[in-house]
Amino acid sequence: MELWRKEPLPSSEVPNNEQGAIARFEVDGIAMVRLLGPQDRLLRTVESEFPLVRVFVRGNEVTLEGEPEQVASAKRLVEELISMVRSGHDLGEPDVETSAKMLRADPSRSPSELLSQAILTTRGKSIRPKTLGQKNYVDAIDDNTIVFGIGPAGTGKTYLAMAKAVQALQRKEVERIILTRPAVEAGERLGFLPGTLSDKIDPYLRPLYDALNEMMDPDVVPKLLATGTVEVAPLAYMRGRTLNNSFIILDEAQNTSPEQMKMFLTRLGFGSRIVVTGDITQVDLPAGASGLQLVTRVLDEIDDIHFATLTSDDVVRHSLVGRIVDAYTTYDAENQARRFEREHGDDGSRAQRRAPHVRGRNSRESQRRGDQS
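Residues numbered from 1 in each chain as written. Predicted model: local features only at pLDDT ≥ 70, side-chain atom pairs only at ≥ 80, totals over all residues. Heavy atoms only, no water.

What to know about a nonpolar patch on the surface
Filter applied, for reference: Patch construction takes residues with relative accessible area above 30% that form no salt bridge. Like charges are linked within 9 Å, and nonpolar side chains (Val, Leu, Ile, Met, Phe, Trp, Tyr) are linked within 5 Å. All accessible-area figures derive from a Shrake-Rupley calculation using a 1.4 Å probe, and residue coverage is judged against the displayed protein chains alone. Note on definitions: salt bridges are taken to be side-chain nitrogens of Lys or Arg within 4 Å of carboxyl oxygens of Asp or Glu. Secondary structure is summarised from DSSP: a helix means a run of H or I of at least four residues, a strand means a run of E of at least two, and numbering begins at the N terminus for each. Using a 1.4 Å probe on the protein chains alone, a residue whose accessible area is under 20% of its type maximum counts as buried, one over 50% counts as exposed, and one in between counts as partly exposed.
Taken together, L320, I324, Y328 and Y331 make up a surface patch of nonpolar side chains, about 440 Å² in accessible area. One can find Y331 in helix α12 (residues 319-344). Its relative accessible area of 47% is what places Y331 among the partly exposed residues.

So, in C-alpha cells, the structure goes:
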C-alpha cells in the first residue's frame, strides 16, 4: 500500500471513507522541514505507527484521513511533535516512535513535556532523554545519591550519566568528576602492551574520554584533566580513597567482582553522588560472579539507592540494535530453559533412576543387620 502522498486522496480511495475521519490543521511558527524531516521521513514514520491513517501536507497545512480512532491518535501525536519542534527539539525517527509508544501507554502524559528538557546544550546540540525509561533514569539521578543504570547496549546509560556529571560540575554542585571502569579485556587476550602505565590503560578508558570530549570543549578537557577537576582512572586506583564533593561514574560495572563493587561503593564521601552503569548480559570476567549481578540483591531495599532498568525499548542507536538485543535475550532464555531441563529433568524420572541404587543399598543394610544379630 502506498503510504505517502503530497496531495489528498480522492474520496473513493480513502480507507473506510464512509466511516472514516478527516483532521485538518495548520502549522504556524516553525519551518515545516523540521516537522517533516529529510524526504518527509518523520511523517512517513507517523503513518507507519498508524497504518489506517494517511498524512497529506500542502504548504503548512496537515491533513489526516482514515480510521476515526487512529486519526484522533495520530493528530495528538503530530501536535506533540509540533510542540517538541517549537521547544527547540531536533526531531528524529526514534523521537516519533517513542512519542507514539508513550501516548499508547498513557494518553494523559505529554511526550513534549517529558522529552524536551535538555540536560546540556553544547556546540548547538542538546543532550536530553529520548525515551520514557531514559527520562526516569535521569530523574532518579537527581533524586538519589547512588543510582544503578542497568540495561543493554545503546540505551544511553553512560552517556546520560556523563551529561548529568558535566551539568553538576557546571552548576558547581560538585567540585570534580571521577570516571572509572574495570580494565577487563572483552574476550580477547591482548598480551603485553608497550608504553607507560597510562598508555596501557587508556584504551580501556577511551569510551569515557570520547563522551567527555563530545560534551565539553575539547580545548578545556585537557586543562580539567591536568588540574584533577576531571579524573579518568581504572577501578583499581579507587582503593583506599574517600571521594568528597564528586560526581563519580563507574562504567562497565558488570565486569567488577563482588569485592571490587563493595570497595567502590564504600569510597562515597560527603557531597558526592555515584552512578553505576552496566549490562549484566555482557560479563567479560573469566570466572566468578559479577559484582553488578550480586549488588541488585544485596542493596535493593536501601533508601537513597535506586536501580534503573533500561530495556530494548530505550535503545537509541540504529533500530537494528533493539532487535538484536531482543533476539539475544530470547536465545539466552531458551538456552537457560534447556540447561535447566537437562540438569534437573522430571522429578519422577530422577526418582526412578535412583531407585535401583537405593533398593540395593537398603538390601545390603538389612543383610548386614541380620548377620550381626
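Quick notes on the sheet that holds strand β11 (residues 305-309)
Quick reminder of the rule: We treat two strands as partners when DSSP finds at least two bridges between them. Throughout, an axis means a line fitted to C-alpha atoms (over the contacting stretch in the case of helices), and angles, computed between N-to-C directions, take values from 0 to 180 degrees. We call two residues in contact when some of their heavy atoms are within 4.5 Å.
One open sheet accounts for 6 strands, arranged β8-β7-β9-β10-β6-β11; its pairing is parallel. The open sheet has two edge strands with one neighbour each: β8 (230-234) and β11. On average, each strand axis in the sheet is inclined to that of its neighbour by 15 degrees, with strand direction left out of account. In the sheet, strand β7 (residues 176-181) pairs with strand β9 (residues 246-250) via 5 bridges, with the strands oriented parallel. Paired with T180 across the bridge in β9 is L250. Relative to the sheet, helix α7 (residues 157-170) contacts β6 (146-150), β7, β8, β9 and β10 (273-278), its axis offset from that of β9 by approximately 170 degrees. Each of β6, β10 and β11 is contacted by helix α11 (residues 291-298), which is oriented at about 125 degrees to β6, the strand it contacts most.

Structural notes on the pairing of β8
Burial of β8 is extensive: 4 of the 5 residues sit out of reach of the surface. Relative to β8, β7 runs parallel, the two sharing 5 bridges. By the bridge assignment, T180 is partnered in β8 with A233.

Concerning the packing of aromatic side chains
Applicable threshold: Note on ring pairs: Phe, Tyr and Trp rings are taken, using the six-membered ring of Trp, and paired if centres are within 6.5 Å. Classes follow the plane angle, with under 30 degrees stacked, over 60 edge-to-face and the rest tilted. For a ring to carry a charge above it, either NZ of a lysine or CZ of an arginine must fall within 6 Å of the ring centroid while also lying within 35 degrees of the normal to the ring plane.
For the structure on display, the rule yields 1 aromatic pair. A ring pair is formed by F148 and F307, whose centres lie 4.6 Å apart and whose planes are at 10 degrees; its orientation type is stacked. Of this pair, F148 sits in strand β6 while F307 sits in strand β11; the two residues are 159 residues apart in sequence, bridging distant segments of the chain. The class of F148 is buried, set by a relative accessible area of 0%. Its guanidinium or amino end placed over the ring of F25, K75 lies 5.5 Å from that ring's centre, counting from NZ or CZ.

Some words on the environment of A289
Relative to the assigned elements, A289 resides in the loop between β10 and α11. The spacing of A289 and Q254 is 35 residues in sequence and 9.3 Å in space, taken between C-alpha atoms. When residues no more than four places from it in sequence are discounted, the contact partners of A289 are T256, S257 and P258.

Some details on the sheet that holds strand β1 (residues 21-26)
The strand order β1-β3-β2 describes an open sheet built from 3 strands, whose pairing is antiparallel. Looking at the sheet topology across the chains shown, the edges are occupied by β1 and β2 (53-58). Within this sheet the neighbouring strands show an average axis-to-axis angle of 15 degrees, counted without direction. Summarising the sheet, β1 and strand β3 (residues 61-66) pair through 6 bridges and their orientation is antiparallel. The residue of β3 that forms the bridge with R24 is T63. Sheet contacts for helix α3 (residues 68-86): β1, β2 and β3; angle to β1, the most-contacted strand, approximately 15 degrees.

A short note on the pairing of β9
Inclusion rule: Clockwise travel from the first strand over the helix to the second, with the strands pointing away from the viewer, marks a crossover as right-handed.
Here β9 lies mainly inside the structure; 5 of its 5 residues are buried. Alternating residues of β9 divide into S246, I248 and L250 and F247 and I249, and every residue in both groups is buried. Examined bridge by bridge, β9 and β10 share 4 bridges and lie parallel to one another. Bridge pairing in β10 links L250 to V276. What joins β9 to β10 is helix α10 (residues 258-265), and the crossover it makes is right-handed.

Quick notes on the packing of helix α2 (residues 41-49) against helix α4 (residues 93-105)
Put simply, the rule is: Roughly parallel covers angles under 35 degrees, roughly antiparallel covers those over 145, roughly perpendicular covers 65 to 115, and oblique covers all other angles. Here a crossing is taken to be left-handed if its near helix is turned anticlockwise relative to the far helix by less than a right angle, and right-handed if that turn runs clockwise. In this count, Pro and Cys sit with the nonpolar residues alongside Ala, Val, Leu, Ile, Met, Phe, Trp and Tyr, while Asp, Glu, Lys and Arg are called charged and the others, Gly among them, polar.
Packing of α2 against α4 brings their axes to within 9 Å, and their N-to-C directions diverge by 30 degrees. As judged from the angle between their axes, α2 and α4 are roughly parallel. The handedness of the crossing between α2 and α4 is right-handed. Contacts between α2 and α4 involve R41, L42, T45, V46 and E49 from the first element and E93, V96, E97, A100 and R104 from the second. Here the contact of α2 with α4 is built from residues that sort into 4 nonpolar, 1 polar and 5 charged.

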